[in-house]
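Now for the letters of each chain:
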Amino acid sequence: MTMQVEVDESKCIAAGQCVLSAPEVFDQRDEDGIVVLLEQRPGAELHEVVREAAGLCPAAAIRLAELVEG
Amino acid sequence: MADTLADTANEAAASLPEYPMAREGRCPFDPPAAMRALPAERPISRARIWDGSTPWLITGHAEQRTLFADPRVSVDEHQPGFPHQSHAMAETLDHRPLTIFNADAPEHTRFRRMLTGPFTLKRVEALRPAIQKITDDRIDAMLAGPKPVDLVTALALPVPTVMITELLGVPYKDHEFFQRHGVTAVDRDATPEQSRESSTALVTYLAEAIVAKMADPAEDVLSDLAARVKAGEVTVPDAALMAVVLLIAGHETSANMIALGTLALLQQPEQLALLRDTEDPKVVAAAVEELLRYLTIAHTGQRRIALEDIEVGGETIRAGEGIILDLPSANRDPEAFPEPQRLDLTRSARHHHAFGFGIHQCVGQLLARVELQIVYGTLYRRIPTLRLATELEQIEFKDDRLAYGVYELPVTW
Ligand code: HEM
Ligand code: SF4
């Protein structure tokens, strides 16, 4: 399964939930804490924490597409 | 006919439960008994508030997520029908400026982005050594002095106060001034004059400090705000107001979590032992989330109003109707947290609503987490025999405050 991550900077309110869950995939801009995506297609070992991050994001700024390859 | 209809409506309103309800003295950590069944049975209901109006009362975790995230749900307290916290809050409406708390997007976005810089994970993690030092210093002082000690004045208040004043770049010598005015400015029972005076005193002090930082900047929030003033993004009074917001939102909340959390843990020694006997930061971090959930100190209901008709959970909230999102209830919703009335430091609780949800979710949450991880992770290890120096029945709870907690916590060891 592949996971495709997208972030919407205009929705992000810099709550930092995503970096707390998945620092390998999300970072924050220094000046205002807005989300920075580090990995568009994180490996399978990160899928769970990325799903957690997307679920915890209070501003619906993280979108996931999970594709079953075939 | 019209009279009869009005009478029926009044009778219906009178039969609704009143909000907020009182907690029972026996279970100071639990929501009121009448509220406890609501998340499972009636996640969306209505209640009657102080002015006789009957806003929607949202107690379900899922329903709160939906509404907090809905852009048609507004914090604009000037909308007619807004369910104000109290008579005093309604009366002072016109004296309350637009801030991050009562602004909707896009104004909210502008306020928020000016405040979030210091609260990134990186900046907050960099504060760990300083927070650890304040905590250790205060515990040293406790151990060196006479006992019993009031934990609120000895540790719970000084740690967040030092943190917030350092973050802002305000000298520690002024912390009592902040303590006093910060509390009065948001006290829901303060007279309009009192809360106005306190807000003015704080804003004046901070405006002067910001002007001083324009000439002589340092690495702190007031200097960041001073730079924004210089760049023409914000006026001095508005920048000062933003600094006040951080003070008000940041110090009593964290202090209450420290003292109330300690009291809850002292009642449940097997849970306290989990924290006392670990050096694993993951265990401590999970414990903090669970205590945030279990205690949910923001206990007076987040206030909102519907700007349009909204369908949620089989009900229609009409445009212009008030909405109260009761955070303690959602955090005890059995759908979201199995056996919700149990304090279980090992559960996974990060989806709690202790910091709210949606675009107004707490700005300072990462800082609050680090403060609590350090204090809970240090206090019980350094004073393993810590115990209450009075009876639970003697303790006075902050039932009447925006942030729940205890006024004093006498402890000994
Ligand atoms: C454990 C401690 C804390 C708790 C339980 C807490 C709780 C909350 C809650 C529930 C909200 C949402 C209000 C709403 O949606 O109506 C909030 C917002 C806020 N908090 Fe905290 N807070 C804590 C600590 C802090 C700290 C340390 C700071 C800053 C130094 C802070 C700054 C703010 C600000 C500025 C807002 C307004 C955000 C907005 O409207 O966009 N809080 N907090
Ligand atoms: S959790 Fe959402 S709102 Fe918070 S920083 Fe990440 S993307 Fe932004």
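Structure shown above.
Below: a short report on this structure.

Conventions used here
Residues numbered from 1 in each chain as written. Chains lettered and ligands numbered in written order. Predicted model: local features only at pLDDT ≥ 70, side-chain atom pairs only at ≥ 80, totals over all residues. Heavy atoms only, no water. Helix = DSSP H or I, 4+ residues; strand = E, 2+ residues; numbered from the N terminus. Buried < 20%, exposed > 50% of the residue type's maximum accessible area, 1.4 Å probe, protein only. Contact = heavy atoms within 4.5 Å. Near = heavy atom within 4 Å. Nonpolar A, V, L, I, M, F, W, Y, C, P; charged D, E, K, R; others polar. Buried area = accessible area lost by both parts, 1.4 Å probe. Salt bridge = Lys/Arg side-chain N within 4 Å of Asp/Glu carboxyl O. Polar contact = N/O pair within 3.5 Å; in protein donor to acceptor, adjacent residues only side chain to side chain. Pairing = 2+ DSSP bridges. Donors = N, O, S within 2.8 Å, 3.2 Å for Na, K, Ca; no water. Axes fitted to C-alpha atoms, helices over the stretch in contact; angles between N-to-C directions. Phe/Tyr/Trp six-rings, centres within 6.5 Å; stacked < 30°, edge-to-face > 60°. Lys NZ or Arg CZ within 6 Å of the ring centre and 35° of its normal. Left-handed = near helix turned anticlockwise from the far one by under 90°.

### Some words on the overall build of chain A
Looking only at helices and strands, chain A has 2 helices and 4 strands in total. Secondary structure of chain A in N-to-C order comes out as β-α-β-β-α-β. With respect to the principal axes defined by its C-alpha atoms, chain A has extents near 40 × 20 × 15 Å. Sorting the 70 residues of chain A into buried and exposed places 44% on the buried side. Sequence separation of 24 or more characterises 60% of the internal contacts of chain A that already satisfy a separation of 6 or more.

### Examining unusual backbone geometry
Cis geometry is adopted by the peptide bond preceding B:Pro20, which originates at B:Tyr19 and carries an omega value of -5°. One can find B:Pro20 in the loop between α1 (2-15) and α2 (33-36). Cis geometry marks the peptide bond from B:Ala105 to B:Pro106; its omega dihedral reads 5°. Along the chain, B:Pro106 falls in the loop between α5 (87-91) and α6 (107-115). Here the phi dihedral of A:Ala60 falls at roughly 50°; this positive angle occurs in a residue that is not glycine. Here A:Ala60 lies in the loop between α2 (47-56) and β4 (62-67). Judged by its relative accessible area of 46%, A:Ala60 is partly exposed.

### Comments concerning the site of ligand 2
Taken together, A:Cys12, A:Ile13, A:Ala14, A:Ala15, A:Gly16, A:Gln17, A:Cys18, A:Val35, A:Cys57, A:Ala61 and A:Ile62 make up all the residues around ligand 2. Here the shell around ligand 2 is composed, by residue class, of 9 nonpolar, 2 polar and no charged.

### Thoughts on the environment of B:Val229
Along the chain, the position of B:Val229 falls in helix α13 (residues 221-230). Exposure remark for B:Val229: the relative accessible area of 14% places this residue in the buried category.

### Points about the interface of chain A and chain B
Contacts between the two partners involve 24 residues from chain A and, on the opposite side, 18 residues from chain B. Interface of chain A and chain B: buried area, both sides summed, is about 1800 Å²; carbon and sulfur atoms make up 48% of it. When the area that chain A buries against chain B is broken down by residue, the three leading residues are A:Ile13, A:Leu20 and A:Pro58, summing to 29%. Here A:Asp27 ties to B:Lys122 by a salt bridge, and the two come within 3.7 Å at their closest N and O atoms. On inspection of chain A and its partner chain B, the count reaches 12 residue pairs in polar contact (both at pLDDT 80 or more).

### Focus on the pairing of strand β8 (residues 322-325) of chain B
Residue and element names in this part refer to chain B. On β8, burial covers both faces: Gly322 and Ile324 on one face and Ile323 and Leu325 on the other are all buried. Looking at chain direction, strand β2 (residues 56-58) and β8 are connected through 3 bridges and run parallel. By the bridge assignment, Trp56 is partnered in β8 with Ile323. When strand β5 (residues 302-306) meets β8, the two strands line up antiparallel, connected through 4 bridges. By the bridge assignment for β8, Arg303 is matched with Ile324.

### Overview of the coordination of the iron atom of ligand 1
There is one protein donor for the iron atom of ligand 1, namely B:Cys362 (SG), at 2.3 Å. Along the chain, the position of B:Cys362 falls in the loop between α17 (327-330) and α18 (365-382).

### Concerning the environment of B:Gly322
All names here are of chain B. Following the sequence through the fold, Gly322 ends up in strand β8. Exposure remark for Gly322: the relative accessible area of 6% places this residue in the buried category. For the pair Gly322 and Trp56, spaced 266 residues apart in sequence, the C-alpha to C-alpha distance is 6.1 Å. Contacts of Gly322, omitting those with residues within four sequence positions, involve Pro55, Trp56, Gly81, Pro83, Arg304 and Ile305.

### Re the sheet that holds strand β9 (residues 387-388) of chain B
Read across the sheet, 3 strands follow the order β4-β10-β9 (chain B) without closing on themselves; strand pairing throughout is antiparallel. The open sheet terminates on both sides in strands that have one partner only, identified here as β4 (149-150) and β9 of chain B.

### Concerning the sheet that holds β5(B)
For sheets, the rule is that strands pair by backbone hydrogen bonds, running either parallel or antiparallel. Residues and elements named next belong to chain B. A sheet is described by the order of its strands in space; here 5 strands give the open sequence β1-β2-β8-β5-β3, paired in mixed fashion. Of all strands in the sheet, those bounded by a partner on one side alone are β1 (44-46) and β3 (73-74). Each of β1, β2, β3, β5 and β8 is contacted by helix α4 (residues 61-68), which is oriented at about 125° to β8, the strand it contacts most.

### Description of the packing of aromatic side chains
All names here are of chain B. This model, assessed by the stated rule, comprises 5 aromatic pairs over all chains. Taking the centre distance of 5.5 Å and the plane angle of 45° together, the rings of Phe177 and Tyr205 count as tilted. Here Phe177, found in helix α11 (residues 175-186), pairs with Tyr205, found in helix α12 (residues 192-215); they are 28 residues apart in sequence, far enough to count as distant. What makes Phe177 partly exposed here is its relative accessible area of 24%. Connected via pairs of aromatic rings, a cluster forms that spans Phe29, Tyr294, Phe397 and Tyr404. Positioned above the aromatic ring of Tyr404, the side-chain terminus of Arg23 is 3.6 Å from the ring centre.

### Some points on the packing of helix α8 (residues 128-144) of chain B against α18(B)
Residue and element names in this part refer to chain B. As a packed pair, α8 and α18 sit with axes 10 Å apart at the nearest point and diverge in direction by 35°. By crossing handedness, the relation of α8 to α18 is classed as right-handed. Residues Arg128, Ile131, Gln132, Thr135, Asp136, Ile139, Asp140 and Leu143 of α8 lie in contact with α18, whose contacting residues are Leu367, Val370, Glu371, Gln373, Ile374, Val375, Thr378, Leu379 and Arg382. Taken together, the residues that form the contact of α8 with α18 break down as 8 nonpolar, 4 polar and 5 charged.

### Concerning the site of ligand 1
Residue and element names in this part refer to chain B. Neighbouring ligand 1 are 28 residues; His108, Arg112, Gln302, His360 and Cys362 lie closest to it. Within the side chain of His108, an N or O atom sits 2.6 Å from an oxygen atom of ligand 1. At a separation of 2.7 Å, an oxygen atom of ligand 1 approaches a polar side-chain atom of His360. Top contributing element to the shell around ligand 1 by residue count: helix α14 (residues 236-267), with 7 residues. For the shell around ligand 1, the per-class residue count stands at 18 nonpolar, 8 polar and 2 charged.

By themselves these figures say nothing about function.
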